[in-house]
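Below are the chains, spelled out letter by letter.
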Amino acid sequence: MSDLGHVLILAGGLSYEREVSIRSGRRVAEVLRAAGVDVETRDADATLVPGVLADPPDAVFVTLHGGAGEDGAIRSVLELLDVPYVGATPDACRVAFDKPTAKAVVRSWGLNTPDSVALPKETFHDLGATAVLARIIDRLGLPLFVKPSRGGSALGASMVRTAEELPAAMVGCFAYGDTALIERYVQGVEVAVSVVDLGDGPVALPPVEIVPDRGVYDYAARYTAGQTEFFAPARLSREATEACAGMAVAAHTALGLRDISRTDLIVDADGKPYFLEVNVAPGMTETSLLPMAAEAAGRDLGTLCKGLLELAAARG
């Protein structure tokens, strides 16, 4: 058995991504048990604080997606409980989880990111939807990509190819959040680059190329086996691969992240990557990208997760 002792996995929660989180937690529990770690899984509910106080874990692996799992709230509670955990601090989470803020930070570091505008629902309504949307198209052009400023799993996200499609895309986006991020769509290869840091500095795993059958990497394409084709490593030139790795590590560093992250990028026809967003609690399901990247790098997922937990426990 591992020297870690008691490890707690947090999975579930009350966000729109609850079911994905449960699947991620189940997968992490399986690989950790295979690596000889004593694992307990808990939901982020009213039993969490009394349970942790009664039986404090040596470390926590957070597999909560969206909402409190990635905005720093749950991590703040873990710090109040003096429990070490894998991943970014609450302050770093708050910056990374808000996509417009994260884009502004990485742009200040000189990283490429598509032009965009963040529009709260109140502004959209108060200033007149028709006039505002017309100015967005004049400024950013078409096609566009619309998504909630906070959240993940492509919930509320959609491609906009014509001006007539934009109002419906905004309505769909506002169903999942109060602020929409409208971004100039960059045509190219969609890749995800996971970054891990086991104590020697952040290292990028091989990029994973994403080719959805229907052309859009939406919720169904992400979590339904067979709806998306993946290439790990991505079919990129050596120069583009190195550029993607460098951008993911730079974003991880610029945003003050820790231990683990996943950066989503688009690589254009010239091999130039563009930062889209970063995830501080990457998915760990059977169709998730970080496990694919670990396998492509020849790393055992259970050993990797165990190493991250050992690092967190040492901090504690």
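For the structure, check the block above.
Source: prediction; values computed, not measured.

Visitor: I tried to follow the nonpolar core on my own but got confused; where do I start?
Guide: The nonpolar side chains of soluble globular proteins are, as a tendency, buried together. Leu32, Phe61 and Leu309 are the most contacted members of the largest nonpolar core, which totals 31 residues. Considering every element that reaches this core, the biggest residue donor is helix α12 (residues 301-315), with six residues. The two domains that each donate at least three residues to this core are domain 1 (7-87) and domain 2 (94-111 + 187-298). If near-sequence neighbours (up to four positions away) are discounted, Phe61 is found in contact with Leu8, Ile9, Leu10, Val28, Val86, Met284, Cys305, Leu308 and Leu309. Formed by 25 residues, the second largest nonpolar core is a distinct cluster that contains Cys93, Met247, Ala251 and Val278.

Visitor: How do you make sense of helix α11 (residues 289-296) when you look at a structure like this?
Guide: Side chains three or four residues apart in an α-helix point the same way, a direct result of the helix having 3.6 residues per turn. Burial within α11 is extensive, with six of its eight residues counted as buried. Among the residues of α11, Leu289, Leu290, Pro291, Met292, Ala293 and Ala294 are the ones counted as buried. As for α11, its buried residues are in contact with α1 (18-34), β8 (189-196), β10 (208-212), β11 (228-231), β12 (260-267) and α12. Note on α11: the residue one or two positions beyond its end, Gly298, has a positive phi of about 75 degrees.

Visitor: Just to check I follow, could you spell out the environment of Ser108 for this structure?
Guide: Within the fold, Ser108 resides in helix α5 (residues 99-108). For Ser108, a relative accessible area of 58% translates into the label exposed. Taking C-alpha positions, Ser108 is 23 Å from Gln187, a pair spaced 79 residues apart along the chain. Within the local environment of Ser108, its side chain forms a polar contact with the backbone oxygen of Val105, the two atoms lying 2.5 Å apart.

Visitor: Looking at this model, I keep getting lost on the packing of helix α3 (residues 73-80) against helix α4 (residues 90-97). Mind explaining?
Guide: The angle between the axes and the distance between the axes are what describe a pair of packed helices. Across the interface, α3 lies against α4 with an axial gap of 8 Å and an inter-helix angle of 180 degrees. With respect to each other, α3 and α4 are oriented roughly antiparallel. Side by side, α3 and α4 meet where Arg75, Ser76 and Glu79 of the first sit next to Pro90, Cys93 and Arg94 of the second. Within the contact of α3 with α4, the residues separate by chemical class into two nonpolar, one polar and three charged.

The rules behind these values
- Residues numbered from 1 in each chain as written.
- Predicted model: local features only at pLDDT ≥ 70, side-chain atom pairs only at ≥ 80, totals over all residues.
- Heavy atoms only, no water.
- Core = buried A, V, L, I, M, F, W, Y, C linked by side-chain atoms within 4.5 Å.
- Buried < 20%, exposed > 50% of the residue type's maximum accessible area, 1.4 Å probe, protein only.
- Helix = DSSP H or I, 4+ residues; strand = E, 2+ residues; numbered from the N terminus.
- Domains from an automatic or database assignment.
- Contact = heavy atoms within 4.5 Å.
- Polar contact = N/O pair within 3.5 Å; in protein donor to acceptor, adjacent residues only side chain to side chain.
- Axes fitted to C-alpha atoms, helices over the stretch in contact; angles between N-to-C directions.
- Parallel < 35°, antiparallel > 145°, perpendicular 65-115°, else oblique.
- Nonpolar A, V, L, I, M, F, W, Y, C, P; charged D, E, K, R; others polar.

That's the geometry; what it means functionally is another story.
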